[in-house]
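Summary of structural features
If you want the building blocks of each chain, they are given just below.
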Amino acid sequence: MSRLAPLLGFVLLAALLGFGIWWNSGHDQREVPSPLIDKAAPAFVLPRLDDPAQSVSRASLLGKPYLINVFASWCIACGEEHPVLMTDGKQIGVPLIGYDYKDDPAEAKAWLAEHGNPYDTVIADREGRSAIDFGVYGAPESFLIDAQGVIRYKHIGPLTPEVIASELKPAIDALQREAH
Amino acid sequence: MRLLARVTLLLLLASGVVFAQAIDPLPFKDHAEEVRFQKLTAQLRCLVCQNENLADSNADLARDLRHEVFELMQHGQSDEQIKQYLVERYSNFVLYDPPVQRSTWLLWFGPLLILLAGAGVVAFTIRRRAAASTADALQTDTRDTEHGDDW
């Protein structure tokens, strides 16, 4: 038995390493869990990208659920996500609010003109101040907000057809069931 | 002449880069405030490049958050309040030192447990060896050499 002790120790360490690899490949380690889930969305008042004289606020969006999608023309992953928003994103059953994050308005407009605009409304946060209240630390990020203005779901990184089908759509369905 | 112009341009560009990194124009009112700011931002994690703190990071968001921290300081917020402000938005992840709470007990006290377990193993081994060597002495065993490496 005592001669087996080193081998046993090695097997234990190897198992620990294996567990670590398995555990960390299951989720994105860089992902910062949002403390804002099931809390009221932060108050914001932001100008519309297409018409800066008009503004959109948390209060003006109350009453029905919506999806805020944080994007920027400089963001490469947003380019990957964009075709998904153009197809699956348009069919999720709630308005899509584009949140143009720390972007040049002219470049954002050109980007949307070139790739297509999947959004019902686009708001622009040029300085990124309101984004700090939302806990945004990159783009793309998406927030599902219910009719009462509560953040119900957040996705960090590009929305994919799989994420929409397995996470976002069920979350939206749950909101719609609540409403009835 | 063209070459000289190019070299000068290159140098200017290079110095511009260095300059841009060196200044983070925050109007501290005195040295103490600056020290407090540096100390506080060194305890906060940059969310973008997660192995860097806010004080050192060149990420865009880190700069924004430094400005946010500075502004909160100007509004008379304490270090704790500023940390709380960031934790509310970015979770405990933003703190370099995780707070001691139920979910972090293992993290904080795990090393102590491992140390204690190691101490236990060492104590156990020593006692067994001591017992073995007393037994050997009593038996006046002649095969001493064979016991050398057996643990």
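Residues numbered from 1 in each chain as written. Chains lettered and ligands numbered in written order. Predicted model: local features only at pLDDT ≥ 70, side-chain atom pairs only at ≥ 80, totals over all residues. Heavy atoms only, no water.

**Here we look at the interface of chain B and chain A**
To keep things clear, this is the line we draw: Contact criterion: two residues are considered in contact whenever any of their non-hydrogen atoms come within 4.5 Å of each other. When two parts are put together, the accessible area they lose, computed with a 1.4 Å probe and summed over both, is reported as buried area. Any Lys or Arg side-chain nitrogen found within 4 Å of a carboxyl oxygen on Asp or Glu counts as a salt bridge. Two N or O atoms form a polar contact when they lie within 3.5 Å of each other; inside protein one atom must be a possible hydrogen donor and the other a possible acceptor, and for residues adjacent in sequence the pair counts only when both atoms belong to side chains. Secondary structure elements follow DSSP: runs of H or I no shorter than four residues count as helices, runs of E no shorter than two count as strands, and numbering proceeds from the N terminus.
Contacts between the two partners involve 19 residues from chain B, matched on the other side by 19 residues from chain A. Between chain B and chain A, roughly 1,600 Å² of surface is buried when both sides are summed, and carbon and sulfur atoms account for 49% of that area. Seen at the junction of chain B and chain A, the total is 5 salt bridges. Arginine 89 of chain B is the salt-bridge partner of aspartate 133 of chain A, the closest N and O atoms lying 2.9 Å from each other. Our enumeration of links across chain B and chain A arrives at 6 residue pairs in polar contact (both at pLDDT 80 or more). Contributions of two or more residues to the side of chain B that touches chain A are made by α3 (60–74) and α4 (79–90) of chain B.

**Thoughts on the nonpolar core**
Basically, it comes down to this: To form a nonpolar core, buried Ala, Val, Leu, Ile, Met, Phe, Trp, Tyr and Cys residues must be joined to one another through side-chain atoms within 4.5 Å. When a residue's accessible area, from a 1.4 Å probe over protein chains only, is under 20% of the maximum for its type it is buried; when over 50% it is exposed; and in between it is partly exposed.
If you look at the biggest cluster of nonpolar residues, it comprises 45 residues, and the most contacted ones within it are Ile68 and Phe134 of chain A together with Tyr90 of chain B. Secondary-structure elements contributing two or more residues to this core are β3 (66–71), β4 (96–101), α5 (129–133), β6 (141–145) and β7 (151–156) of chain A together with α2 (31–42), α3 and α4 of chain B. With 7 residues, the single largest contributor to this core is α3 of chain B. For phenylalanine 134 of chain A, the contacting residues outside a window of four places in its chain are Leu36, Ala41, Pro42, Phe44, Ile68, Phe143, Ile145, Ile151 and Lys154 of chain A.

**Let's talk about the packing of aromatic side chains**
As a reminder, the rule being used: Each aromatic pair joins two rings of Phe, Tyr and Trp (for Trp, the six-membered one) with centres within 6.5 Å, and gets the label stacked for planes under 30 degrees apart, edge-to-face for over 60, and tilted for any other angle. In this analysis the charged atom, NZ for Lys or CZ for Arg, is taken to sit over a ring once it is within 6 Å of the ring centre and within 35 degrees of the ring normal.
Summed over the entire model, instances satisfying the criterion amount to 12 aromatic pairs over all chains. Taken together, the ring pairs in this structure connect Phe44, Tyr99, Phe134 and Phe143 of chain A into an aromatic cluster. We note arginine 45 of chain B situated over the ring of phenylalanine 93 of chain B; from NZ or CZ to the ring centre the distance is 5.0 Å. Directly above the aromatic system of tyrosine 85 of chain B lies the positively charged group of arginine 89 of chain B, at a separation of 3.7 Å from the ring centroid.

**Details of the state of the cysteines**
All names here are of chain A. Convention followed: Two cysteine sulfurs form a disulfide in these notes if their separation is within 2.5 Å.
The final tally for this structure, using the stated rule, is 1 disulfide over all chains. Residue cysteine 75 pairs covalently with cysteine 78 via a disulfide, S to S 2.2 Å. Because the torsion about its S-S bond is 90 degrees, the bridge between cysteine 75 and cysteine 78 counts as right-handed. For the pair formed by cysteine 75 and cysteine 78, the shared burial category is buried.

**Quick word on the sheet that holds β3 of chain A**
Residue and element names in this part refer to chain A. Going by this rule: Two strands pair under a simple rule: DSSP has to find at least two bridges between them. In this analysis, axes come from line fits to C-alpha atoms, helices being fitted only over the stretch in contact, and the angle between any two N-to-C directions falls in the range 0 to 180 degrees.
An order of β5-β4-β3-β6-β7 is seen for the 5 strands of this open sheet, with the pairing classed as mixed. The open sheet has two free edges, formed respectively by β5 (121–125) and β7, since each of these has just one partner strand. This sheet shows a mean twist of 20 degrees between the axes of neighbouring strands, independent of strand direction. Sheet topology places β3 next to β4; 5 bridges connect them, and they run parallel.

**Brief notes about the environment of tyrosine 99 of chain A**
Residues and elements named next belong to chain A. The topology assignment puts tyrosine 99 in strand β4. Accessibility expressed as a relative area gives 1% for tyrosine 99, which makes it buried. In this structure, the C-alpha to C-alpha distance between tyrosine 99 and proline 118, residues 19 residues apart in sequence, is 12 Å.

**Regarding the pattern of salt bridges**
Residue and element names in this part refer to chain A. With the rule as written, the count across this model stands at 17 salt bridges over all chains. Of the charged contacts, one joins lysine 154 and glutamate 141 as a salt bridge, the two residues approaching to 3.0 Å between their closest N and O atoms. Taken together, the positions of lysine 154 in strand β7 and glutamate 141 in strand β6 put the pair 13 residues apart, joining distant regions of the chain. Lysine 154 sits in the buried class, given a relative accessible area of 13%. Owing to a relative accessible area of 1%, glutamate 141 belongs among the buried residues under this scheme. A salt bridge links aspartate 146 to arginine 152; its shortest N-O distance comes to 2.9 Å. Through salt bridges that share partners, Asp38, Asp146, Arg152 and Glu178 make up one connected network.

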